[in-house]
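The primary structure of each chain is shown beneath.
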Protein chains: 2
Amino acid sequence: MARAALTREEVLQAAAALVKQHGPAALTMRKLAAELGTAVTSIYWHVGNRESLLDALVARTVADLGVVAARGRTPAERIVSVARGLRRDLRERPHLVAMVHERGLTERMFLPVQRSLVHEVHAAGLRGARAADAVRAVQFHVVGFVLVERNRERAPVQSPGEQDLWDAETGEQDPALARSLGGPVDADRLFTRSTRALVAGLLTADAP
Amino acid sequence: MARAALTREEVLQAAAALVKQHGPAALTMRKLAAELGTAVTSIYWHVGNRESLLDALVARTVADLGVVAARGRTPAERIVSVARGLRRDLRERPHLVAMVHERGLTERMFLPVQRSLVHEVHAAGLRGARAADAVRAVQFHVVGFVLVERNRERAPVQSPGEQDLWDAETGEQDPALARSLGGPVDADRLFTRSTRALVAGLLTADAP
DNA sequence: ACCTGAACACCGTTCAAGT
DNA sequence: ACCTGAACACCGTTCAAGT
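Residues numbered from 1 in each chain as written. Chains lettered and ligands numbered in written order. Predicted model: local features only at pLDDT ≥ 70, side-chain atom pairs only at ≥ 80, totals over all residues. Heavy atoms only, no water.

Peer 1: What is the right way to look at the pattern of salt bridges in this model?
Peer 2: Any two side chains of opposite charge can pair, so long as their charged atoms come close to each other. All names here are of chain A. Scanning the entire structure with this criterion turns up 18 salt bridges over all chains. Notably, a salt bridge pairs aspartate 188 with arginine 87, separated by 2.9 Å at the nearest N-O pair. Residue aspartate 188 is found in helix α12 (residues 187-204), and its partner arginine 87 is found in helix α5 (residues 75-92); the two are separated by 101 residues along the sequence. Take aspartate 188: its relative accessible area is 48%, and that puts it in the partly exposed class. Close ionic contact of arginine 88 with aspartate 89 constitutes a salt bridge, the shortest N to O distance being 3.0 Å. Aspartate 89 sits in the buried class, given a relative accessible area of 13%. (Salt bridge = Lys/Arg side-chain N within 4 Å of Asp/Glu carboxyl O. Helix = DSSP H or I, 4+ residues; strand = E, 2+ residues; numbered from the N terminus. Buried < 20%, exposed > 50% of the residue type's maximum accessible area, 1.4 Å probe, protein only.)

Peer 1: I would appreciate a short explanation of the protein's contact with DNA strand C in the present structure.
Peer 2: DNA strand C sits among 19 residues. The nearest are Arg30 of chain A together with Thr41, Ser42, Trp45 and His46 of chain B. Within 4 Å of the protein, the contacting atoms of DNA strand C are drawn from sugar and phosphate to the extent of 49%. The contact in question runs from a base nitrogen of DNA strand C to an N or O atom on the side chain of arginine 30 of chain A, over 2.3 Å. A distance of 3.0 Å separates a base oxygen of DNA strand C from a polar side-chain atom of threonine 41 of chain B. Counting residues per element, the ones that place at least two in the surface near DNA strand C are α2 (29-36) and α3 (40-47) of chain A together with α3 (40-47) of chain B. With 4 residues, α3 of chain B is the largest single contributor of residues to the surface near DNA strand C. Its residues assigned to classes, the surface near DNA strand C shows 8 nonpolar, 7 polar and 4 charged. (Near = heavy atom within 4 Å. Polar contact = N/O pair within 3.5 Å; in protein donor to acceptor, adjacent residues only side chain to side chain. Nonpolar A, V, L, I, M, F, W, Y, C, P; charged D, E, K, R; others polar.)

Listed below in structure tokens is the structure:
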């Protein structure tokens, strides 16, 4: 029997699934058509073209990323908790986040979180441009960190010789450091530490 | 008259020029061949295929990014100055940096800078895993920031309504903040401030 | 050793033609 | 209103054939 009538919604869902699994490069109109059991050209009727299909997926992702509850006693703790929640959400849809990002919609995606960050930054006593910078610094930090760590994850081989370089020079003075820098990154720890440091610095720094 | 013999070097240079101007997507084997005035297939003899051509470009970029001189009196100042120099270098070759990054070679690219960061972090009294984390936090911060700001730059239209959202809520309490968050980002200022805050936090933070 | 064109299997997209 | 296949202009890559 023939398939049920194709809907835009159906196309979007199938496309989202493909992107989520194998990234945007894996989303070809022909594969998508095969997946849906229709002719390639039918898809065009529903979504226009590949680019606006991706746009629609991005819009959906932006809408999905909601508020992150702040936890902790001090403003600093609460900001860090929001940052961690945000990182968790972003890590769940790395491809889609990258696409949101490529389209310059990061700002928009962050509106709900911005709101709670503003609240905490105010509670810490910052105002005006200082407060705005603090909010944006945290935003940039989180998105930047996720982008960096995501790409690190699919790094190929650990390039050899790196260990040796460290062993030779600083190795004797500070073997623990050489070991750390030679080995893999503990992203969770690094994120927590760097976020805490950043927030502490932002909330206590002297006048601009 | 016929063109001079094609060399691998020639291919790499033409490819680098294409990527630097219009990004990796603009580098097609056929366009490259046209640029060089040879048959497409000649390129394959010299560089294998598109992927290893990109790999070669990446290797070149990694080799090019050298040391950044540290300036300033305190370790914190000197670390910030290295971070700024690094950001400047990265911003000059955004496409290539993105490619280095996609290949998971960021670490390697950073070796020279890592060395001077370690020096400064030691001067500030950090040792072992704490020191290693500080170095990496700065690395992640710089690369992450450049990635984020790069993508912000090619953002399409400023999505409307953002202003209104801020005016409505926080606008009355803190109009300067609403104005800041509604307007464009001053990336230079934001980078300096957030880097200073991060470094200050890293160097003064209490035990792990 | 180096270069070539023909050919293959993929793309996204358009369009006239169907129901 | 919705779907279709044929066709177009693009890809990267392989390969047998040239010099």
